[in-house]
Amino acid sequence: MGKGFRGTIVDHPDFDAGSDAEALYNAMKGFGSDKDAILDLITSRSNAQRQEIRTAYKSQYGKDLIDDLKYELTGKFERLIVGLMRPPAYHDAKEIKDAIKGAGTDEKCLIEILASRTNEQIHNLVAAYKDAYGRDIEEAVMEDTSGHFKKMLVVLLQGTREEDDVVSEDLVEQDAQDLYDAGEAQWGTDEAKFIMLLGNRSVTHLQLVFDEYHKIAEKSIEDSIKSELSGDFERLMLAVVQCIWSKPMFFARRLYKSMKGLGTADNTLIRIMVSRAEIDMLDIRECFRLRYEKSLYNMIQDDTSGEYKRSLLKLCGGDDDMAGEFFPEAAQIAYKMWEISATTKVQLRGTVRPYQNFDPASDAQALRKAMKGFGTDEETIIDIVAQRSNAQRQEIRQTFKSLLGRDLMADLKSELSKNLQRLILGLMMTPAEFDAKMMKKAMEGAGTDEHALIEILVTRGNQEIQEMCSAYKKAFKKSLEDAIESDTSGHFKRILIALAQGAREEGPEDMGRALEDAQELADACNADSGDMEDKFMSILCTRSFPHLRKVFQEFVRCSNKDIEQIIKKEMSGDVKNAMFAIVRSVKNHPSYFADRLYKAMKGLGTDDRALIRIIVSRSEIDLFNIRKEFKDIHEASLHEFIQVETFVLS
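Residues numbered from 1 in each chain as written. Predicted model: local features only at pLDDT ≥ 70, side-chain atom pairs only at ≥ 80, totals over all residues. Heavy atoms only, no water.

Going by the annotation in an unreviewed UniProt entry, the name recorded for the protein chain is Annexin, with Phoxinus phoxinus given as the source organism. Database annotation for the protein chain, UniProt heading Function (unreviewed entry): "May associate with CD21. May regulate the release of Ca(2+) from intracellular stores." (UniProt positions renumbered as here; feature names shortened; annotations may be inferred.)

Moving on to the overall build of the protein chain. Within the protein chain, the regular secondary structure consists of 40 helices and zero strands. Whereas a compact globule of 650 residues would reach a radius of gyration of roughly 26 Å, the protein chain reaches 29 Å, a difference of no more than 12%. The principal-axis extent of the C-alpha atoms belonging to the protein chain is close to 95 × 60 × 60 Å. For the protein chain, with 650 residues in total, the buried portion stands at 51%. Excluding contacts between residues fewer than 6 apart, the proportion of contacts in the protein chain whose partners are at least 24 apart in sequence is 73%. A total accessible area of about 29,200 Å² is found for the protein chain, and carbon and sulfur atoms account for 47% of it. A gap of 5 Å separates the mean positions of the 90 positive and 112 negative side-chain charges of the protein chain. (Helix = DSSP H or I, 4+ residues; strand = E, 2+ residues; numbered from the N terminus. Rg over C-alpha atoms; globule rule 2.2 N^0.38 Å. Buried < 20%, exposed > 50% of the residue type's maximum accessible area, 1.4 Å probe, protein only. Contact = heavy atoms within 4.5 Å. Areas by Shrake-Rupley, 256 points an atom, 1.4 Å probe, with all protein chains shown as cover. Lys, Arg positive; Asp, Glu negative; His and termini not counted. Charge placed at Lys NZ, Arg CZ, Asp CG, Glu CD.)

This brings us to the packing of helix 10 (residues 147-157) against helix 15 (residues 231-245). At their nearest, the axes of helix 10 and helix 15 sit 8 Å apart, and the two run at 30 degrees to each other. Regarding helix 10 and helix 15, the two cross each other, and that crossing is left-handed. The segment helix 10 lies against helix 15, with H148, F149, M152, L153 and L156 engaging D232, F233, L236, M237 and V240. Tallied by class, residues from the contact of helix 10 with helix 15 come to eight nonpolar, one polar and one charged. (Axes fitted to C-alpha atoms, helices over the stretch in contact; angles between N-to-C directions. Left-handed = near helix turned anticlockwise from the far one by under 90°. Nonpolar A, V, L, I, M, F, W, Y, C, P; charged D, E, K, R; others polar.)

Per the stated rule, a full pass over the model turns up 15 aromatic pairs. On the numbers, 4.0 Å between centres and 5 degrees between planes, the contact of Y25 with Y61 is stacked. In this pair, Y25 sits in helix 1 (residues 17-28) while Y61 sits in helix 3 (residues 47-61), placing the two residues 36 residues apart along the sequence. Residue class for Y61 comes out partly exposed when judged on its relative accessible area of 25%. Look at F630 and F641: their rings are 5.0 Å apart centre to centre, the planes differ by 80 degrees, and that puts the pair in the edge-to-face class. One end of the pair, F630, is in helix 39 (residues 623-634); the other, F641, is in helix 40 (residues 638-645), with eleven residues separating them in the sequence. Three or more aromatic residues joined by ring pairs form one cluster here, namely Y25, Y57 and Y61. Directly above the ring of F624 sits R349, whose terminal nitrogen or CZ lies 3.7 Å from the centroid. We note R388 situated over the ring of Y355; from NZ or CZ to the ring centre the distance is 3.7 Å. (Phe/Tyr/Trp six-rings, centres within 6.5 Å; stacked < 30°, edge-to-face > 60°. Lys NZ or Arg CZ within 6 Å of the ring centre and 35° of its normal.)

Take R460: it is sitting in the loop between helix 28 (450-459) and helix 29 (462-476). The buried category is assigned to R460, whose relative accessible area is 7%. Once you skip the residues sitting within four places of it in the chain, R460 turns out to touch D435, E455, I465, F593, S617 and R618.

So, about helix 30 (residues 480-487). Within helix 30 the residues assigned to the buried category are L480, A483 and I484. In a view along the axis of helix 30, the buried residues occupy a sector of 95 degrees, so they form one face of it. In this structure, the buried residues of helix 30 make contact with helix 27 (431-443), helix 28, helix 29 and helix 31 (490-500). (Arc of directions from axis to C-beta.)

Across soluble globular proteins, nonpolar side chains have a tendency to be buried as a group. Formed by 197 residues in total, the largest nonpolar core has its most connected members in L69, L198, M273, M439, F536, F552 and M579. With ten residues, the top contributor of residues to this core is helix 15. Non-local contacts of M439, meaning those with residues more than four positions away in its chain, are made with L453, I456, L457, M468, Y472, L480 and I484. (Core = buried A, V, L, I, M, F, W, Y, C linked by side-chain atoms within 4.5 Å.)

Relative orientation of the contacting elements helix 22 (residues 360-371) and helix 25 (residues 408-415) amounts to 30 degrees, with a least axis distance of 11 Å. Taken as axis vectors, helix 22 and helix 25 run roughly parallel relative to one another. Along this stretch, helix 22 crosses helix 25, giving a crossing that reads as left-handed. Residue-level inspection shows L367, R368 and M371 of helix 22 in contact with helix 25, the latter providing L408, D411, L412 and E415. In terms of residue class, the contact of helix 22 with helix 25 is built from four nonpolar, no polar and three charged. (Parallel < 35°, antiparallel > 145°, perpendicular 65-115°, else oblique.)

Below, the discussion takes up helix 16 (residues 247-259). In this model, helix 16 (13 residues) spans 19 Å end to end at C-alpha, consistent with the 18 Å of a helix rising 1.5 Å per residue. P248, M249, F250, F251, A252, R254, L255, Y256, S258 and M259 are the residues of helix 16 that are buried. At the N-terminal boundary of helix 16, the capping side chain belongs to S246, with an oxygen 3.1 Å from the backbone nitrogen of M249. One or two positions beyond helix 16, positive phi appears at G261, with a value near 75 degrees. (Expected span 1.5 Å × (residues − 1). Polar contact = N/O pair within 3.5 Å; in protein donor to acceptor, adjacent residues only side chain to side chain.)

In this section: unusual backbone geometry. Of note, E218 is a non-glycine position whose phi angle comes to about 60 degrees, a positive value. Structurally, E218 is set in the loop between helix 13 (203-217) and helix 14 (221-228). Although it is not a glycine, K477 sits at a positive phi angle of roughly 55 degrees. We classify K477 as exposed; its relative accessible area is 68%.

And the structure:
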């Protein structure tokens, strides 16, 4: 991993502690205070220089600078500035103290600090806590926590992790096997083994252990922890693993979660920006951009205000949204992420399965009864349709016609309305009929729903696309290709037509060809925009997904660039959106759909068509996995989101 200084705050040249102390005194003198002067000065000095200013301030004015700042400033801005004025160990000590005082405990704060600090930082924290509060931090933490969570925190507080150059090669396989035996291989979990190994082995050693574990278990150590552990102990062990892999990525995740959604977790945001500004903020920024396709700078800008925002942006140090190349840390992480994407075996699971004791005649009669007479029994219709597999629904359609001489689809259409009608009719169609209908809807009328066209054509397999094309021709007496031809234009049209052939290569990656493809994509980044789009289309629209994973991984090595960021930077409009969707879908299919669902429901109004389209089309394929990805990314269940946003889809 990248070594050396990776912070954004450095020693100020021509530093004069006495002069700075005087400037701060004048900024707080009289009525009101000059907040801009305070933030400009404090955010442009290193922590060591701030300690000299604090000493000079007391010598010159007989007052404590932190006390004066607390008096003059308020709210989040005060917390941030005062945090910057404390030595790092004392800042950590104060955060721990605040986390365990009062009725509740801020377990996330304890986890973040103790999982991420080096041995030296832990030793300094222990000493600072004792000095500031007159008691042992271990004793305080033990009083406020319990169980395996407490045991792991105590282990971390010892600061005795082996140093990074300690790798016991003969123990790598044994440790991986021990972790597997302690969890996945047995009924119940041997938590003590997890605590001992994850709390003491060196970072480099554990990275090798986790790689070996993946080979043995055929799943990542993170996934095993999620299935074997629970509660705060699970969250702590996941944080330790994430910090072993990459502390900058761990903090990027924490920062994103602190700002996304309604409201901001300001204490978390402040704590991380203060504690990492002189350590690895450059790498955190780059990891943030890599994972969330948005710069940390822009997210802070959108989520905060006033002097507080200005101070945070100074600590952030710059906007990465227009950057294309990686810092060393992020390049290695990007390469590793593609490698994990290529090797992780995910069992795709739907949420709808064939109904036990299925009786199509009984279901047909029950549906007819639910629609007869005055009013409609919508609950019965929902219960039957949503709990039958698509194959069973087709049997019900056929039986409804043969038993009752009626068209079930026509009856449902006349009895239901709006989004419930769209949802139930969508479930009653075959997957090919439904996709064909969604493609037709995306192209009819005045505007075109390009996002729907992209989503369907990018994510369907060859057979699904061919069946959809047949269903489209049968239903609308026109080929899908002709419809795309008349409704779209330019490179975007060519991309959609290429995908609509349903002729993508299948099978595993070809390593030699993947290296060639990666180099061709890297070379194309320096070509004219039209030539670049042609080359990207010729590879991204034709190669198999497993092959493309390897291509995108090697692209990082060939170019030191992020293919997603290159697409965002160098392409535009619908072409950019289509290429981006291919990359995201190749990287993680369920995650792509989780993102589409989130975008369908966030903000004012809900994109009901997108919501229905994804829920219907993925319910028997990978909706369970999509739910999992949704919760991992947004820390809220898809079920909760749907309940808030809709009336019938929950």
